[in-house]
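# Geometric and topological summary
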Amino acid sequence: MKGAVAARGPAHGSAHLSARGTWFLVAPALIPILVLSVGPLLYGIALAFTDAQSGRTEATRWVGLLNFSDLLQDTLFWDSFRIGLVWAVGVTVPQFLLALGLALLLGQDLRLRWLARALAIVPWAMPEVVVGIMWRLVYHPDAGVLNETLRSLGLGPDEGVDWLSGTATALLAVVVVGVWAGMPQTTVTLLAGLQNVPRELHEAAAMDGAGAWRRFRTVTWPAIKPVALAISSLNFIWNFNSFALVFVLTDGGPGGRTRLPMLFAYEEAFRYGQFGYAAAMGLAMVAVIAVLLAVYLSRRLRGEGEDR
Amino acid sequence: MTQDVPPRESSWPGRRRVTRRTAGRAGQYLALLCYLVFLAFPFLWLVSTAFKPPRELGTLHPTWIPRAPTLDNFRTAFDEQPLLRAAANSLLAAAVSALVAIVLATPMAYVLARLRTRFARAATGWVVVSQAFPLVLLIIPLFLVLKALHLVDARAGLVLVYVVWSLPFALWMLTGYVRAVPPELEEAAAVDGAGRLRTLVSVTGPLLAPGIVATGLFAFITAWNEFFFALVLLKSPEKQTMPVVLTHFLGAEGVADLGPLAAAALLATLPSLLLFAVIQRRITGGMLAGAVKN
């Protein structure tokens, strides 16, 4: 620990920190994190191997892998897991493509650029609950703007589609909301990545007669690829874990068709009091996430090590 | 495609190239317009609904712009649900947790930015990991712990959770801001005979202040918007925060009084939207400095 610091400069009278004197600076944040975040997380993992329930009088017992073998046979869980994956992919991919398109547009010298930049922030700053409520108003079978727009274009049936309650449309309807809600942050991140694109290289390629697509593939994409990978894997994780949006939009309905894993786990834990079982679900979700996280972290830490 | 010939340098830009460029421009504007519509229309609809009288809401052919705009929905919203109290609860939880998070995180962020050790790396790794865990794995044990401490259904319990929840992110952003302050400035001050503390307060502090404010406001916004922890931890109606109270407007069967619902939702959004507009540039800058630097 100290070696890295000592190597950097004169030890005496320097503004550089020596590792020894820093614990009192680190402790105020580190202790709460350890006590209320790392600790509970380990506790939560342990709970997955117990039969913990709310309001039970007998002591909680270790049950080994029982929760997991129950999970394996729980078709509702598999349904929700599958829905979670479909949702996460279905949101992350369009989110990325649309955000990339918007970022490229905003990088151009267009007149309405400022408005798009300003508007792109709105979904980001909004409470997820409000985003859900807002889209319920849009999707509303009678008073919603979507049905009215389709009607005026002569596309929709007159009685109006109940988007969020229809078994065929519900998942698609919530996916659209997910895309809308997450696009801005992705756009801003990609815009920042675009600043890494060397302008001269772009111009040189244009001089050589490279078309827009070719320039994108050979100049732009290589420059933003690390940022794109990072934000996409984070988006996938966030989307897979999301809760509030769908809770407000459909509460998992109709008939469980939008019951994301988090909604399922929430119900098990706080409606039925099955803490152990819900914790096991959480751990199963981690397994999916871990793969992506490993990809993202290895990139990020490597990047950390390289700079300066 | 294959017969594409690179243009000669002296060549007069042919008519085809000009029209193609114009078409490209038009396509760009069309695409931008589609984005604008997609981004704006749900929000405009929310605003429109909030100002509509009941008879304009029930119709089969809703209007974009209310014919007889009214503030009745806002009045009804306040009558139906304890919105003021909910806003006060949210304000308290968000302000206290943001303030505490900043006070705790700033010193550690300073260390993380200036020290490049295994510990600093582990801490940074943890910041990322903590963003990725499904909250249910955290809330069940927290619920049990807080219950044992009699802090379930207590505002203090929620504030505690919010502090810890916003710490990693605050660390992340603040570390980025500290790195932006050149250590040479601190060294110069030290050469001039200023002590460590003096250097921090009079040299680094002022340079860091805008970043600290931005991080604090961002923590405030996230806590103001937060739903899951508040839903699980607060049961008494008089303690609930804005997002939780908003869901009460939805009613049991999802049947909602649309006007007041829209009005309340709009009110709940305004603080975070305004604050975000103020700090937007710093947030995106700070986050990127910490997040996707490769």
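Residues numbered from 1 in each chain as written. Chains lettered and ligands numbered in written order. Predicted model: local features only at pLDDT ≥ 70, side-chain atom pairs only at ≥ 80, totals over all residues. Heavy atoms only, no water.

## Notes on the overall build of chain B
Broken down by element type, chain B carries 12 helices and 0 strands. Across chain B, helices and strands are ordered from the amino to the carboxyl terminus as α-α-α-α-α-α-α-α-α-α-α-α. Counted over contacts in chain B with a minimum sequence separation of 6, partners at least 24 positions apart contribute 72%. Roughly 13,900 Å² of accessible area belongs to chain B as shown, and the carbon and sulfur atoms make up 67% of that amount. (Helix = DSSP H or I, 4+ residues; strand = E, 2+ residues; numbered from the N terminus. Contact = heavy atoms within 4.5 Å. Areas by Shrake-Rupley, 256 points an atom, 1.4 Å probe, with all protein chains shown as cover.)

## Looking at the side chain of Asn73 of chain B
All names here are of chain B. Take Asn73: it is sitting in helix 3 (residues 72-80). Of the polar contacts made by the side chain of Asn73, one reaches the backbone oxygen of Lys52; its length is 2.8 Å. With near-sequence residues (within four places) excluded, Asn73 lies in contact with Thr49, Ala50, Phe51, Lys52, Gly259, Pro260 and Ala263. (Polar contact = N/O pair within 3.5 Å; in protein donor to acceptor, adjacent residues only side chain to side chain.)

## So, the packing of helix 4 (residues 75-107) of chain A against helix 10 (residues 212-240) of chain A
All names here are of chain A. Relative orientation of the contacting elements helix 4 and helix 10 amounts to 145°, with a least axis distance of 10 Å. Seen from above, helix 4 lies across helix 10 with right-handed handedness. Contact with helix 4, carried on its side by Phe81, Gly84, Leu85, Trp87, Ala88, Val89, Val91, Thr92, Gln95, Phe96, Leu100 and Leu104, involves Phe216, Thr220, Trp221, Ile224, Ala228, Ser232, Asn235, Phe236, Asn239 and Phe240 of helix 10 and no other residues of that element. Here the residues of the contact of helix 4 with helix 10 are counted per class, giving 15 nonpolar, 7 polar and no charged. (Axes fitted to C-alpha atoms, helices over the stretch in contact; angles between N-to-C directions. Left-handed = near helix turned anticlockwise from the far one by under 90°. Nonpolar A, V, L, I, M, F, W, Y, C, P; charged D, E, K, R; others polar.)

## Describing helix 3 (residues 66-73) of chain A
Residue and element names in this part refer to chain A. Listed in full, the buried residues belonging to helix 3 are Asn67, Phe68 and Leu71. One side of helix 3 holds all its buried residues, which, seen down the axis, span an arc of 95°. Exposed residues on helix 3 whose side chains face more than 90 degrees from its buried face are Leu72 and Gln73. (Buried < 20%, exposed > 50% of the residue type's maximum accessible area, 1.4 Å probe, protein only. Arc of directions from axis to C-beta.)

## A word on the side chain of Ser233 of chain A
Residues and elements named next belong to chain A. Relative to the helices and strands, Ser233 is located in helix 10. Accessibility expressed as a relative area gives 6% for Ser233, which makes it buried. Here the side chain of Ser233 touches Leu229 through a polar contact of 2.8 Å, landing on its backbone oxygen.

## As for the confidence of the model for chain B
As a note on interpretation, predicted positions should not be read in detail where pLDDT is low. Residue and element names in this part refer to chain B. Looking at chain B, the pLDDT average stands at 84 and 87% of residues meet or exceed 70. Helix 10 (residues 228-233) holds the highest mean pLDDT among the elements of chain B, 96, whereas helix 5 (residues 118-132) holds the lowest, 79. Confidence drops under pLDDT 50 across residues 1-11; counting only partners more than four residues distant or on other chains, this segment forms 2 contacts. In this model, residues 290-294 is a region of pLDDT below 50 whose contacts with residues beyond four sequence positions or in other chains number 15 contacts. With a pTM of 0.87, the predicted complex shows an ipTM of 0.87. (pLDDT = per-residue confidence, 0-100.)

## Looking at the interface of chain B and chain A
Quite often, the size of an interface is put as the accessible area lost when its parts meet. Counting residues at the interface gives 97 residues for chain B, matched by 109 residues for chain A. When chain B packs against chain A, close to 9,800 Å² is buried across both sides, 77% of that on carbon and sulfur atoms. Taken together, chain B and chain A are joined by 0 salt bridges. Along the contact surface separating chain B from chain A lie 11 residue pairs in polar contact (both at pLDDT 80 or more). (Buried area = accessible area lost by both parts, 1.4 Å probe. Salt bridge = Lys/Arg side-chain N within 4 Å of Asp/Glu carboxyl O.)

## Structural notes on the nonpolar core
By size, the foremost hydrophobic cluster in this structure holds 193 residues, and its most contacted members are Trp87, Met126, Trp135 and Phe243 of chain A together with Leu46, Met108 and Ile140 of chain B. With residues up to four places along the chain from it excluded, the contact list for Leu46 of chain B reads Met126, Val130, Met134 and Leu137 of chain A together with Ala262, Ala265 and Leu266 of chain B. (Core = buried A, V, L, I, M, F, W, Y, C linked by side-chain atoms within 4.5 Å.)

## What to know about the pattern of salt bridges
Residue and element names in this part refer to chain A. Within the structure shown, the criterion is met by 8 salt bridges over all chains. Note that Asp251 is salt-bridged to Arg271, the shortest N-O span being 3.5 Å. Taken as a pair, Asp251 in the loop between helix 11 (244-249) and helix 12 (261-270) and Arg271 in the loop between helix 12 and helix 13 (275-306) lie far apart in primary sequence, 20 residues in all. Note that Arg271 and Glu267 form a salt bridge whose closest N and O atoms lie 3.5 Å from each other. What makes Glu267 buried here is its relative accessible area of 10%. By sharing partners, the salt bridges in this structure join Asp251, Arg259, Glu267 and Arg271 into a single network.

## A few points about the packing of aromatic side chains
To describe a pair of aromatic rings, one takes the distance between the centres and the angle between the planes. Scanning all chains against the criterion turns up 34 aromatic pairs over all chains. For the pair Trp124 of chain A and Phe276 of chain B, a centre-to-centre distance of 5.2 Å together with 55° between the ring planes defines the contact as tilted. Pair noted here: Trp124 of chain A is in helix 5 (residues 113-125) and Phe276 of chain B is in helix 12 (residues 258-291), and the two residues belong to different chains. The pair formed by Trp124 of chain A and Phe276 of chain B is uniform in burial state, with each residue classed as buried. (Phe/Tyr/Trp six-rings, centres within 6.5 Å; stacked < 30°, edge-to-face > 60°.)

## As for the environment of Val175 of chain A
All names here are of chain A. Turning to its location among the elements, Val175 is positioned in helix 8 (residues 170-194). Here the alpha-carbon distance between Val175 and Pro94, two residues 81 residues apart in the chain, equals 9.5 Å. Sequence-distant contacts of Val175, defined by excluding residues within four places in its chain, comprise Trp87, Gly90 and Val91.

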